[in-house]
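Understanding the architecture of this molecule
Chain residues, written in single-letter form:
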Amino acid sequence: MPIYSEKVMDHFTNPRNVGEIENADGIGEVGNPVCGDMMTFYIKVKNNRLEDVKYKTFGCGAAIAVSSMVSELAKGKTLEEAMKITPESVVNELDGLPTVKHHCSNLGAQALHAAIENYKEKQKAGGQKNG
Amino acid sequence: MKTEMKKVYLDNMATTPVLPDVRRAMLPFLTESFGNPSCLHEWGDVPRDAMEAARRQVADLIGGNPEEIIFTGSGTESNNMAIKGLAMAQQKKGKHVVVSAIEHFSVLNSAKTLEKWGFEYTTVPVDKNGVVNPEDVRKAIRSDTILVSIMQANGEIGTIEPIKEIAKITKEKDILFHTDAVAATGNIPVNVKDLGVDALSLAANMFYGPKGVGALWLKKGTRIMPLLDGGIQEGGRRAGTENVAGIAGMGKAAELARVEMKVRMENLIKIRDYLIKELPLKVSHVIVTGHPQNRLPGHASFCVEFIEGESMLMLLNAKGVGVTSGSACTSRALQASHVLLALGLPHEIAQGSLLFGLGTDNTKEDIDYVLEVLPPIVERLRQMSPLYSKFLKQEKGE
Ligand code: FES
């Protein structure tokens, strides 16, 4: 049996929302302390909602599938809702990940949340954009 | 209509397939000749004779004597037995062991276990091609050193080590020398007398024999402590009822490897060199790991920059190509390969490790297929790599 679920393979081979957002409202970059990989999330915010979510990922198949799933889950959500996306919920949505790959799922939620935090900080500092 | 996808197995360093002749040599011992070779009745005679024939075939492959061959359950067991068993048998003379930084885990972790048992060990570095400098071995040897273990060839980077030169030093100092020749035996000429070693490990599934059977060649008169206590199989050095079918298969595989070695090597070197030359032309920012020429005939290994090995491996698998990676993500321990780090490669480059183990079944067409499917895979993964976009921005900025 292959180590990944069909859903993981689908997101890995056809990742959704890959890329960068120019002039993104928030950027979150996190490294994976376990294996040394990296994920960067870009968000565009309108009326407190994630209008667009994109990412770049340097990592294993699971990491790529996780970033794709996180981007799909987050798109269209309010910032508060998006902050509630957890590594567990991502693993569930992907129909599970091998135990040894669970740490990759942390990366996705962390990077998204970092991007939202980054957006909020910018808001505080500038305050000109209505979130 | 669905057309069969092309399948290209390029992971012969993980295991080679079992040759049909080898399988045929094994089958009787899984059917009518099921007897235990230790038994004195006629059911024991046939398997016993088969084992002794295999012992000779394996000895002939490496230029040793049949009575110096101890059959084991794997290359890993042979290495464990050599490191722990030789050290334990010598401990009155001293308690220090020397290994290289790129040894297989079965050697490195055996050395670590010895440390827990009150021994000490020194790790000798390698250069950027993965070659051990014999003078570094000399420097590492102390007055209480009792054993040196350096591999003959590395399975991850293919580099062949200067075993003969190192053996001169150990002989001069009167220290036992073991070589892990698991990746080498059956693939390049290995002759224990010519090499000048005292012990040598090999495994059948590296030369088209079955998995689960290996051997330790131990020079006549060398004392060793057995790992397993039990009966007196293998001259009392390896207890347990023998894997007769596996051993018979190993014998046949050894014979075939000896007879066909020259032809196999010529073919493999041709397609290996083709892959090593063409891949960096088809994909930018690729590093060849290991020694460019002095490497195993079927071995080609690379690091593809800015992307990770497991994702490459999986996309190659989707195209019907089976390879391996030494990236941290592919390792169960989630650690970067100690071999690649020992070459001085940074972590993020080691992450892009890709290892091709070519076998006797492979043709130039197989390599052409890889050269066709790999570049778009690399391109696709790079397009989604934050490291690659950083690199591109840096390049523009300068
Ligand atoms: S990103 Fe390294 S194991 Fe998943």
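Residues numbered from 1 in each chain as written. Chains lettered and ligands numbered in written order. Predicted model: local features only at pLDDT ≥ 70, side-chain atom pairs only at ≥ 80, totals over all residues. Heavy atoms only, no water.

**Quick word on the packing of aromatic side chains**
Residues and elements named next belong to chain B. Tallying each qualifying case throughout the model produces five aromatic pairs over all chains. Ring centres of F302 and F356 lie 5.8 Å apart, and the angle between their planes is 75 degrees; on these two criteria the pair is classed as edge-to-face. With a gap of 54 residues between them, F302 in strand β10 (residues 299–304) and F356 in strand β12 (residues 353–357) connect regions that are remote in the sequence. Of the two residues, F302 and F356, neither departs from the other in class, the shared state being buried. Plain terms: the ring middles of F306 and Y388 are 5.3 Å apart, the flat faces sit at 50 degrees to each other, and that makes the pair tilted. Taken as a pair, F306 in the loop between β10 and α9 (309–318) and Y388 in helix α13 (residues 386–397) lie far apart in primary sequence, 82 residues in all. (Phe/Tyr/Trp six-rings, centres within 6.5 Å; stacked < 30°, edge-to-face > 60°. Helix = DSSP H or I, 4+ residues; strand = E, 2+ residues; numbered from the N terminus. Buried < 20%, exposed > 50% of the residue type's maximum accessible area, 1.4 Å probe, protein only.)

**Observations regarding the pattern of salt bridges**
Proximity of charged atoms lets side chains of opposite charge pair with each other. Residue and element names in this part refer to chain B. A full pass over the atoms with the stated rule returns 27 salt bridges over all chains. As a salt-bridge pair, E260 and R264 come within 3.0 Å of each other at their nearest N and O atoms. With E260 and R264 both in helix α8 (residues 244–282), this residue pair falls four residues apart, about one helical turn. The class for R264 is buried, based on a relative accessible area of 9%. A salt bridge links E278 to K282; the shortest N-O distance between them is 3.6 Å. (Salt bridge = Lys/Arg side-chain N within 4 Å of Asp/Glu carboxyl O.)

**Here's the deal with the packing of helix α1 (residues 6–13) of chain A against α9 of chain B**
Where α1 of chain A contacts α9 of chain B, the two axes come as close as 12 Å, and the packing angle between them is 100 degrees. What the angle tells us is that α1 of chain A and α9 of chain B run roughly perpendicular. Where α1 of chain A abuts α9 of chain B, its residues M9, F12 and T13 of chain A lie against S311, M314 and L315 of chain B. Here the residues of the contact of α1 of chain A with α9 of chain B are counted per class, giving four nonpolar, two polar and no charged. (Axes fitted to C-alpha atoms, helices over the stretch in contact; angles between N-to-C directions. Parallel < 35°, antiparallel > 145°, perpendicular 65-115°, else oblique. Contact = heavy atoms within 4.5 Å. Nonpolar A, V, L, I, M, F, W, Y, C, P; charged D, E, K, R; others polar.)

**Considering the domain arrangement of chain B**
All names here are of chain B. Per the domain assignment, the segments of chain B are domain 1 (8–15 + 261–395) and domain 2 (20–257). The gap between the C-alpha centroids of domain 1 and domain 2 is 29 Å. Carbon and sulfur atoms supply 58% of the area that domain 1 and domain 2 bury against each other, a total of about 2400 Å² over both sides. Here domain 1 is connected to domain 2 by 13 residue pairs in polar contact (both at pLDDT 80 or more). Of all the secondary-structure elements, those providing two or more residues to the side of domain 1 that touches domain 2 are α8, β10 and α10 (338–342). The element best represented in the side of domain 1 that touches domain 2 is α10, accounting for four residues. Here the side of domain 1 that touches domain 2 is composed, by residue class, of twelve nonpolar, 13 polar and two charged. (Domains from an automatic or database assignment. Buried area = accessible area lost by both parts, 1.4 Å probe. Polar contact = N/O pair within 3.5 Å; in protein donor to acceptor, adjacent residues only side chain to side chain.)

**Considerations on the sheet that holds strand β1 (residues 26–31) of chain A**
Residue and element names in this part refer to chain A. Read across the sheet, three strands follow the order β1-β2-β3 without closing on themselves; strand pairing throughout is antiparallel. Two strands bound the open sheet, and with one partner strand each, they are β1 and β3 (49–58). Strand after strand, the sheet turns through a mean of 15 degrees between neighbouring axes, direction not considered. Here β1 runs beside strand β2 (residues 38–46); their pairing, made up of six bridges, is antiparallel. Residue E29 lies in a different strand from β2, and its bridge partner there is T40. (Pairing = 2+ DSSP bridges.)

**Points about the sheet that holds strand β9 (residues 286–288) of chain B**
Residues and elements named next belong to chain B. Read from one edge of the open sheet, three strands run β9-β10-β12, paired in antiparallel fashion. Across the chains shown, the open sheet's two edge strands, defined by having one partner strand only, are β9 and β12. Sheet twist, expressed as the mean angle between neighbouring strand axes with direction ignored, is 25 degrees. Pairing analysis gives five bridges linking β10 to β12, with the strands arranged antiparallel. Residue pairing for β12: H299 is matched across the bridge by G357.

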